[in-house]
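# A closer look at the structure
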Amino acid sequence: MLQYSFMQNAIIAGIFISILCPAVGTFLVLKRYSMMGDTLSHSSLAGVAIGLVLGYNPILTSFIFTSIAGLTIEFLRSYYKKYAELILVIVLTLSVGIAIVLISTGKANANVNSYLFGSILTVSKNDLFTVFSLSIISVLTLFFLYNQLLYITFDENGAKVCGIKVKLINYLFALLVGATISVSIRILGILVISSMIAMPVAASLQLHKGFKLTFIFSIIFGFIDIMLGLFLSYYINSAPGGTIALISVLLLLIILTYKKLFNR
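Below is a summary of the structure that appears in this document. (Residues numbered from 1 in each chain as written. Predicted model: local features only at pLDDT ≥ 70, side-chain atom pairs only at ≥ 80, totals over all residues. Heavy atoms only, no water.)

This next bit is on the packing of aromatic side chains. The full count for this structure, using the stated rule, is 12 aromatic pairs. Taking the centre distance of 6.1 Å and the plane angle of 55 degrees together, the rings of tyrosine 146 and phenylalanine 211 count as tilted. Residue tyrosine 146 is found in helix α7 (residues 146-154), and its partner phenylalanine 211 is found in helix α11 (residues 211-236); the two are separated by 65 residues along the sequence. Of the aromatic side chains, those joined through ring pairs into one cluster are Phe27, Tyr146, Phe154, Phe173, Phe211 and Phe215. (Phe/Tyr/Trp six-rings, centres within 6.5 Å; stacked < 30°, edge-to-face > 60°. Helix = DSSP H or I, 4+ residues; strand = E, 2+ residues; numbered from the N terminus.)

Put into structure tokens, the structure is as follows:
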């Protein structure tokens, strides 16, 4: 299995994704904003459709469009302070509308299903380079903004009082989420990216550790989910996105069961 270049590419891309998705997801979940990941993952479909129609790299166009969608969500927060979920519906409606119109024209030559459900066969060297570049930029951004993001996550008003540029950090974080979703499209698929952002964090939260350990365990669980999902999808010939999603749910159930038995 490992002698095939497509599987090697998939595993390398999977390693980057297993770090990025849970790392970003930890902050999203703790901010009670996990549905932002779901909205932006669907927004990425519009970016993919634009790339396929215009003949550009779909991952790059997805990153650009998803980033714009993320910035729009942050911009609209000042207009709908008491209705945060309404912002997500607005952006989701616009993105899905654009995607459906472009795909229905028949000008998207490539197989859209590989972007919807993920595929280990379609991760090319060019895709791997794009994933690597965006991942490095995202990891460095997360590293330098870690303390500010941590403060904003638990006390946004307090962060403003302390002089932290909350609005700027939130905009940068929106770009970070957009990059994370874009690099995950090829492996996870658009329909289940949000599960990889939230599920490892959900499992890690059940351990009731501090923030740093929750952050670390989220990445560990994400790595387990993706690696097991990739290997299993290869042997049963299934889309990796769905397989990874099922593994993530199974891991959560195992932790919940262990926790219940241990408490008894």
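We now examine the environment of isoleucine 12. Along the chain, isoleucine 12 turns up in helix α1 (residues 5-30). With a relative accessible area of 37%, isoleucine 12 lands in the partly exposed category. Isoleucine 12 sits 111 residues away from valine 123 along the chain, and the two C-alpha atoms are 10.0 Å apart. (Buried < 20%, exposed > 50% of the residue type's maximum accessible area, 1.4 Å probe, protein only.)

This part covers the packing of helix α10 (residues 193-205) against α11. Put simply, α10 and α11 touch, their axes get as near as 8 Å, and they point 125 degrees apart. Here α10 lies oblique to α11, going by the angle between them. Crossing of α10 over α11 shows right-handed handedness. From α10, Met196, Pro200, Val201, Ala203, Ser204 and Leu205 reach across to α11, where they touch Leu213, Thr214, Phe217, Ser218, Phe221, Gly222, Asp225 and Ile226. In terms of residue class, the contact of α10 with α11 is built from nine nonpolar, four polar and one charged. (Axes fitted to C-alpha atoms, helices over the stretch in contact; angles between N-to-C directions. Parallel < 35°, antiparallel > 145°, perpendicular 65-115°, else oblique. Left-handed = near helix turned anticlockwise from the far one by under 90°. Contact = heavy atoms within 4.5 Å. Nonpolar A, V, L, I, M, F, W, Y, C, P; charged D, E, K, R; others polar.)

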